[in-house]
Amino acid sequence: MYRYDEFDHAFVSARVEQFKDQVERRLSGELTEEQFRPLRLMNGVYLQLHAYMLRVAVPYGTLSSRQMHKLAHIARRYDRGYGHFTTRQNIQYNWPALKDIPAVLDELASVEMHALQTSGNCIRNVTADHFAGAAADEVGDPRPYAEILRQWSSMHPEFSYLPRKFKIAVTGADRDRAAIQVHDIGLHLKKNEAGELGFAVYVGGGQGRTPMVAKKIRDFLPVEDLLTYTTAIVRVYNLSGRRDNKYKARIKILVHETGTEEITRQIEAEWQAIKETDLKLPQEDVDAIDTYFAPPNLVQRPEGWSGLAAARKADHAFSAWVDQNVTPHKNPDYGVVTISLKPIGGIPGDATDAQMDLVADIAEKFSYDEIRVSHEQNLVLPHVAIADLRIVYDLLLTDGLATANAGLITDIISCPGLDYCALATARSIPVAQRISERFGNPERQADIGELKLKISGCINACGHHHVGHIGILGVEKKGEELYQISLGGSGDEICTIGDITGRGFSSEEIVDAIETIVDRYLEIRTDKEETFLATYRRVGAAPFKDALYSEVANAA
Amino acid sequence: MSVKVLTANRLTDGEVVWLGANGEWLEHIDGALIARHAEAVDALEEAGKSAIKSNLVIDVNVIDVEERGTDLYPVRLRERIRQLGPTIRLDLGKQAEKPKAA
């Protein structure tokens, strides 16, 4: 894992001291809210419906056990005993008192964490594939490059007041688990024919009120050009991105309005001017960062497979969990374990302090001290020996963390929605809970197979509904919550924005509507191997619309 | 018929509060100062401005409520959730200490 150097320590400590002073001045009345608001936002402090909210950055979703224990401690001491893991691989605390936040930031700094750039019109926390450094299909670990981007973008003087927020995601495998094509910049780490590492570069993706799939503007950018090229992109955006209208200020709008060809020309021209400057990455610098992310020295554990077969035979629930939540590791003696934060009927992404402590303890003993946060609001143990799966499962089971539903219909992404969020127009969590309960039967959801259902409680789309195989958007209409359904979205390497089915559904109707869609899928799929998304891509929206709206018409 | 009250979040901890008839910021909506006509609403808005200046509260808003018997019932769901707490965690927020209102 990356460890702070002296510069990082000094920089984060200085920011904590600065914010401590700002909070004191605010509480004493020396600063008005108008003056203080941008300052608190720069430090991840929002105001929600019931209280302040602190959003803590988890760079590229990687945590050590020590850091996770600290997150648990903060939840216990300064909050209400839980935290919420988000679609940005961050954690949010929903109840901190303003006067306590400097102390929380001090605690975070002690484990090399902070809340900087988790808000505001700057380059936000860089996200990455949550299986980075472990997945069998990985070409290269994206995290060293995410870390280089973090260092470059932290307090970047030129890019601290962009037209709007700016999100970068990096993946290191052909299978895109980081949804890079719905980010402002998406980077796909790959090898060229000569075996050299570089990036396919995507720009102008995003969700929100104007969802767009990013455009690929370079098929292969050598690693050494990562910062010069990224600088060129952000510079063009900073100069030309719209500042007259908040809703048209993201780079996706600039790319769309300028045209891919022209924006690429501008970026390339800018790049040519800075290509050979100090930002060109010397190989030794890349190597230095790389060493922090060197894979752990995994002990050979070939005995695991025989024991696993017997354990699976003896316990159907364990076997189902292995099938669903354990994915292939680079080392065949190991597996990557997804810890579902989606218990049936539970709140997606929430974890109690005790659960965080448990995960930290398990990671320390059984996953080489490493934990990941996924943008799908789950946690990941990246390096678990097959031989240890049973004991890890049993430990997870003790606190409700062994739900075998990764990638299934109950593994729902949901934003906090109107239960917490000041921007929300409808609740999303209760809808997620009811859908989870409706489809909670293990056999039923296994039969339905892979189905990514994502819910947002407003047009800002924090719940990624545009790229849900089934997406739900909650809005307020005539004082009531109304839920709009979209189908066929996907945030992976074949990225698509979902199609809206038609009129929305009331809170009472929405779960039945989802069941209608799923039932129709089960009727028309060619066989069990054809996923919901594949079926949708084969048949289009019509059969689902028929099912949804003809029933309503018949009933009327 | 809907009337209006003034609501905000307390500066120090973000707690949801309403301006009381006694001029204090109250942690529960009961006892909130009710504006029944335009002049009274103007007075609420003025009170809001001065509250912001005095640095006691932030995010001050005049909201619609209905008088239901002796209870005040916020018209918008958003405000009902602020009044009670998250609908998915009845152990949190004001509802945890005061389970009566629904």
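Residues numbered from 1 in each chain as written. Chains lettered and ligands numbered in written order. Predicted model: local features only at pLDDT ≥ 70, side-chain atom pairs only at ≥ 80, totals over all residues. Heavy atoms only, no water.

## Structural notes on the overall build of chain B
Reasoning step 1: Helices and strands together make up the secondary structure of chain B, namely three helices and five strands.
Reasoning step 2: Written out in order from the N terminus, the α and β elements of chain B read β-β-β-α-β-β-α-α.
Reasoning step 3: Computed over the C-alpha atoms, the radius of gyration of chain B is 13 Å, within 12% of the 13 Å expected from 2.2 N^0.38 for a compact globule of 102 residues.
Reasoning step 4: Dimensions of chain B, computed from C-alpha atoms along their principal axes, come out at roughly 35 × 35 × 20 Å.
Reasoning step 5: The buried share among the 102 residues of chain B stands at 47%.
Reasoning step 6: Contacts in chain B between residues far apart in sequence, at least 24 positions, make up 52% of those at least 6 positions apart.
Reasoning step 7: When the accessible surface of chain B is summed, it comes to about 5100 Å², and 52% of that surface belongs to carbon and sulfur atoms.
Reasoning step 8: Positive and negative charge centroids in chain B, built from 14 and 17 side chains respectively, lie 4 Å apart. (Helix = DSSP H or I, 4+ residues; strand = E, 2+ residues; numbered from the N terminus. Rg over C-alpha atoms; globule rule 2.2 N^0.38 Å. Buried < 20%, exposed > 50% of the residue type's maximum accessible area, 1.4 Å probe, protein only. Contact = heavy atoms within 4.5 Å. Areas by Shrake-Rupley, 256 points an atom, 1.4 Å probe, with all protein chains shown as cover. Lys, Arg positive; Asp, Glu negative; His and termini not counted. Charge placed at Lys NZ, Arg CZ, Asp CG, Glu CD.)

## Considering the interface of chain B and chain A
Reasoning step 1: Opposite the 23 residues of chain B that make contact, chain A presents 30 residues.
Reasoning step 2: On the chain B side of the contact with chain A, Leu11, Arg78 and Ile88 of chain B bury the most area, a combined 25% of that side's loss.
Reasoning step 3: One can count one salt bridge joining chain B with chain A.
Reasoning step 4: In this assembly, chain B and chain A are joined by nine residue pairs in polar contact (both at pLDDT 80 or more).
Reasoning step 5: Looking at the side of chain B that touches chain A, the elements with two or more residues in it are strand E1 (2-10), strand E4 (57-68) and helix H2 (77-84) of chain B.
Reasoning step 6: Broken down by element, the side of chain B that touches chain A gets its largest block of residues, four residues, from H2 of chain B.
Reasoning step 7: Grouping the amino acids of the side of chain B that touches chain A by side-chain chemistry returns eight nonpolar, seven polar and eight charged. (Buried area = accessible area lost by both parts, 1.4 Å probe. Salt bridge = Lys/Arg side-chain N within 4 Å of Asp/Glu carboxyl O. Polar contact = N/O pair within 3.5 Å; in protein donor to acceptor, adjacent residues only side chain to side chain. Nonpolar A, V, L, I, M, F, W, Y, C, P; charged D, E, K, R; others polar.)

## Describing helix H17 (residues 532-539) of chain A
All names here are of chain A.
Reasoning step 1: Those residues of H17 lying buried are Phe532, Leu533, Thr535 and Tyr536. An end-on view of H17 places all buried positions within 160° of arc, on one side of the element.
Reasoning step 2: In the segment just after H17, Gly540 is the residue with positive phi, at about 80°. (Arc of directions from axis to C-beta.)

## Observations concerning the pattern of salt bridges
Reasoning step 1: For the coordinates displayed, the defined rule picks out 58 salt bridges over all chains.
Reasoning step 2: Between Lys280 of chain A and Glu276 of chain A there is a salt bridge, with its nearest N and O atoms 2.9 Å apart.
Reasoning step 3: Put simply, Glu46 of chain B and Lys49 of chain B hold a salt bridge, and the shortest N to O gap is 3.5 Å. Taken together, the residues Glu46 of chain B and Lys49 of chain B, both in helix H1 (residues 38-53) and three residues apart, mark about one turn of the helix.
Reasoning step 4: One salt-bridge network, in which partners are shared between bridges, spans Arg438, Arg444, Asp512, Glu515 and Asp519 of chain A.

## What about the packing of aromatic side chains?
Residues and elements named next belong to chain A.
Reasoning step 1: Considering all chains together, one arrives at 17 aromatic pairs over all chains under this definition.
Reasoning step 2: Seen in terms of ring centroids, Tyr536 and Phe544 are 5.9 Å apart; in terms of plane orientation they differ by 35°. Their pairing is tilted. By the burial criterion, Tyr536 is buried, and Phe544 matches it.
Reasoning step 3: Taken together through their ring pairs, the aromatic side chains of Tyr521, Phe532, Tyr536 and Phe544 make up a single cluster.
Reasoning step 4: Seen from the ring of Tyr247, Arg209 lies directly overhead, with NZ or CZ sitting 3.8 Å from the centre. (Phe/Tyr/Trp six-rings, centres within 6.5 Å; stacked < 30°, edge-to-face > 60°. Lys NZ or Arg CZ within 6 Å of the ring centre and 35° of its normal.)

## Re the pairing of strand E5 (residues 71-74) of chain B
All names here are of chain B.
Reasoning step 1: By the bridge criterion, four bridges tie E4 to E5 in an arrangement that is antiparallel. Its bridge partner lying in E5, Val65 is registered against Pro74.
Reasoning step 2: What sits between E4 and E5 in their antiparallel hairpin is a turn of two residues, with Gly69 showing a positive phi close to 65°. (Pairing = 2+ DSSP bridges.)

## A closer look at the side chain of Glu147 of chain A
Reasoning step 1: Turning to its location among the elements, Glu147 of chain A is positioned in helix H5 (residues 143-153).
Reasoning step 2: Within polar-contact distance, the side chain of Glu147 of chain A engages the side chain of Tyr60 of chain A at 2.7 Å.

## Section: the environment of Cys462 of chain A
Residue and element names in this part refer to chain A.
Reasoning step 1: Its place among the elements puts Cys462 in the loop between strand E17 (453-456) and strand E18 (470-477).
Reasoning step 2: A C-alpha to C-alpha distance of 21 Å links Cys462 and Pro38, two positions 424 residues apart in sequence.
Reasoning step 3: Apart from residues no more than four positions distant in its own chain, Cys462 is found in contact with Thr87, Cys415 and Ser456.

## Some remarks on H2 of chain B
Reasoning step 1: Buried residues dominate H2 of chain B, accounting for seven of its eight residues.
Reasoning step 2: Listing the buried residues of H2 of chain B in full gives Leu77, Arg78, Glu79, Ile81, Arg82, Gln83 and Leu84 of chain B.
Reasoning step 3: The inward-facing, buried residues of H2 of chain B abut strand E19 (480-487) of chain A together with E1, strand E2 (16-19), E4, E5 and helix H3 (94-97) of chain B.

## Observations regarding the nonpolar core
Residue and element names in this part refer to chain A.
Reasoning step 1: Within the largest apolar cluster, 108 residues are counted, with the highest numbers of intra-cluster contacts made by Met68, Leu71, Phe166, Phe199, Ile233, Trp321 and Leu381.
Reasoning step 2: Broken down by element, this core gets its largest block of residues, eight residues, from helix H6 (residues 226-240).
Reasoning step 3: If sequence neighbours within four positions are ignored, Trp321 has contacts with Val326, Val337, Thr338, Leu389, Val392, Tyr393, Leu396, Ala402, Thr403 and Ala404. (Core = buried A, V, L, I, M, F, W, Y, C linked by side-chain atoms within 4.5 Å.)

## Focus: the sheet that holds strand E10 (residues 215-222) of chain A
Residues and elements named next belong to chain A.
Reasoning step 1: An order of E6-E7-E8-E9-E10 is seen for the five strands of this open sheet, with the pairing classed as mixed. Where the open sheet ends on each side, the last strands, each with one partner, are strand E6 (127-128) and E10.
Reasoning step 2: Summarising the sheet, strand E8 (residues 185-191) and strand E9 (residues 197-203) pair through seven bridges and their orientation is antiparallel. Within the sheet, the bridge partner assigned to Leu189 lies in E9 and is Phe199.
Reasoning step 3: Contacts between H5 and the sheet are confined to strand E7 (168-171), E8 and E9, with E7 contributing the most and set at about 160° to the helix. (Axes fitted to C-alpha atoms, helices over the stretch in contact; angles between N-to-C directions.)

## Considerations on the packing of helix H12 (residues 353-366) of chain A against helix H13 (residues 389-397) of chain A
All names here are of chain A.
Reasoning step 1: Two numbers describe how H12 lies on H13: the axes approach to 10 Å, and their chain directions differ by 170°. Our classification of the angle between H12 and H13 gives roughly antiparallel. Contacts from Leu358, Ile362 and Phe366 of H12 reach H13 at Ile391, Val392, Leu395 and Leu396.
Reasoning step 2: Taken together, the residues that form the contact of H12 with H13 break down as seven nonpolar, no polar and no charged. (Parallel < 35°, antiparallel > 145°, perpendicular 65-115°, else oblique.)

## Remarks on the side chain of Arg88 of chain A
Residue and element names in this part refer to chain A.
Reasoning step 1: Here Arg88 lies in the loop between strand E4 (82-85) and strand E5 (91-93).
Reasoning step 2: Comment: no salt bridge for buried Arg88; closest opposite-charge side chain is Asp184, at 7.4 Å.
Reasoning step 3: At a separation of 2.5 Å, a polar atom in the side chain of Arg88 contacts the main-chain carbonyl oxygen of Asn125.

## Some remarks on the domain arrangement of chain A
Reasoning step 1: Here the domain parsing of chain A yields domain 1 (6-110), domain 2 (142-292), domain 3 (304-397) and domain 4 (417-555).
Reasoning step 2: Look at where the C-alpha atoms of domain 2 of chain A and domain 3 of chain A centre, and you get two points 33 Å apart. (Domains from an automatic or database assignment.)

## Quick notes on the packing of helix H3 (residues 65-78) of chain A against H12 of chain A
Residue and element names in this part refer to chain A.
Reasoning step 1: In the contact formed by H3 and H12, the axes pass within 8 Å of each other and the chain directions differ by 170°. In terms of axis orientation, H3 runs roughly antiparallel to H12. Contacts between H3 and H12 involve Ser65, Met68, His69, Leu71, Ala72, Ala75 and Arg76 on the former and, on the latter, Asp353, Met356, Asp357, Val359, Ala360, Asp361, Ala363 and Glu364.
Reasoning step 2: Across the contact of H3 with H12, the residue classes tally to eight nonpolar, two polar and five charged.

## Quick look at the confidence of the model for chain B
Reasoning step 1: Here chain B averages 93 in pLDDT, and 95% of its residues register 70 or above.
Reasoning step 2: Within chain B, the element-level pLDDT minimum falls on H1 of chain B, averaging 92, and the maximum on E2 of chain B, averaging 98. (pLDDT = per-residue confidence, 0-100.)

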